[in-house]
Amino acid sequence: MTFHDFNFEARLIEGIDALGYETATPIQEQAIPAILSGKDLIGSAQTGTGKTAAFLLPIIQKIITTPHDDAIKALVIVPTRELAQQIDQHMEGLSYFTPVSSIPVYGGTDGASFSRERQALSNGADMVICTPGRMIAHLNMGYVNLSSLRYLILDEADRMLDMGFYDDILKIMSYVPPERQTLCFTATMPKDMRELARKILKNPVEINIAPSKPAENILQMAYVVYDTQKIPLVQYLLKDLKLRSILIFCSTKSSTKALSAALKKLGLNAQEIHSDLDQSEREKVLNKFRSKELNILVATDI
């Protein structure tokens, strides 16, 4: 199925075409019609399956085809500031030719950013993409009006629960109207995820996309080693590997720092990213990796 088959507004199709989108992924093919029909949805699919466009496209379509006002219409809650930035960038591309406005709201920024967020939330952006803690900080100050909210989206909901945001999510829920469309996307479905779904969703459509097999030209390998052997193994694997971009995930900040330092000693172009760096430092490293100025990025998995 192509994106033109969904009969999106011409202005939205312009954004889709500009980004080079052609064929819908399985999660998009199943989720978009359900969302356009107004049903609540819980979608289980792995990262990289196109979940972001699966909810952004139909929500943009619904916003531009209903009477416009200055109220906040859609709220997207995500676990990390990096994901908030990523979704906002995705939103900017898809909505470029439409009148739909959006703003990312996340912590770790300066006072000027908080003031811009406050102004946008007070004036009523069409879509707000936020992390739980930062959104609660604005809600506690009393100027955010979510009474006209029509769409609530939880992205990577299982990660938010793993990070201890269960109570924060419920607190935000207390500010939104009961009559709304709620969408929940998750990679896994543990017990607490199902409990949350029962509390916030009404007769949802359930979509489960099985993890896809890797493409034939992708080699997957696993090495069983002791902790003390991990860094030497990575050094051995990367020493003579001629790749432009390499992304390595570690489970802790200390292991991220240690591996990055070891790779630098080998003369490799590597840098790390973790929560000990402030937001501007993280963005600088990520931009260098995106622009190919940095070959190896070592990151914590959260």
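Placed above this text is the structure.
Note that this is a predicted model, so its numbers are computed, not measured. (Residues numbered from 1 in each chain as written. Predicted model: local features only at pLDDT ≥ 70, side-chain atom pairs only at ≥ 80, totals over all residues. Heavy atoms only, no water.)

Caption draft 1: Helix α11 (residues 253-265), seen in detail. Compared with the 18 Å implied by 1.5 Å per residue over 13 residues, the 19 Å span of α11 between its first and last C-alpha is a close match. Check the buried side of α11 and you find it contacts α10 (227-239), β8 (246-250), β9 (270-273) and β10 (296-300). Of the residues flanking the end of α11, it is G267, one or two places downstream, whose phi is positive at about 85 degrees. (Helix = DSSP H or I, 4+ residues; strand = E, 2+ residues; numbered from the N terminus. Expected span 1.5 Å × (residues − 1). Contact = heavy atoms within 4.5 Å.)

Caption draft 2: Fine view of the sheet that holds strand β4 (residues 127-130). Spatially, β3-β4-β2-β5-β6-β1-β7 is the arrangement adopted by the 7 strands of the open sheet, whose pairing is parallel. Across the chains shown, the open sheet's two edge strands, defined by having one partner strand only, are β3 (102-105) and β7 (205-208). The average angle at which neighbouring strand axes cross in this sheet is 10 degrees, direction not considered. The strands that helix α9 (residues 191-200) touches are β1 (41-44), β5 (151-154), β6 (181-186) and β7; relative to β6, the one it contacts most, it runs at about 170 degrees. (Pairing = 2+ DSSP bridges. Axes fitted to C-alpha atoms, helices over the stretch in contact; angles between N-to-C directions.)

Caption draft 3: Representation of the pattern of salt bridges. On inspection of all chains with the given rule, the structure shows 12 salt bridges. D69 is the salt-bridge partner of R150, the closest N and O atoms lying 3.7 Å from each other. Residue R150 is located in the loop between α6 (132-140) and β5, and its partner D69 is located in the loop between α3 (51-64) and β2 (74-77); the two are separated by 81 residues in the primary sequence. Residues D126 and K73 are paired through a salt bridge, measuring 2.6 Å at the closest nitrogen-oxygen approach. Taken as a pair, D126 in the loop between α5 (111-123) and β4 and K73 in the loop between α3 and β2 lie far apart in primary sequence, 53 residues in all. On the basis of relative accessible area, K73 is assigned to the buried category, the value being 0%. Taken together, the shared-partner salt bridges in this structure form one network comprising D69, K73, D126 and R150. (Salt bridge = Lys/Arg side-chain N within 4 Å of Asp/Glu carboxyl O. Buried < 20%, exposed > 50% of the residue type's maximum accessible area, 1.4 Å probe, protein only.)

Scope: geometric values only; no functional claims are made or implied.
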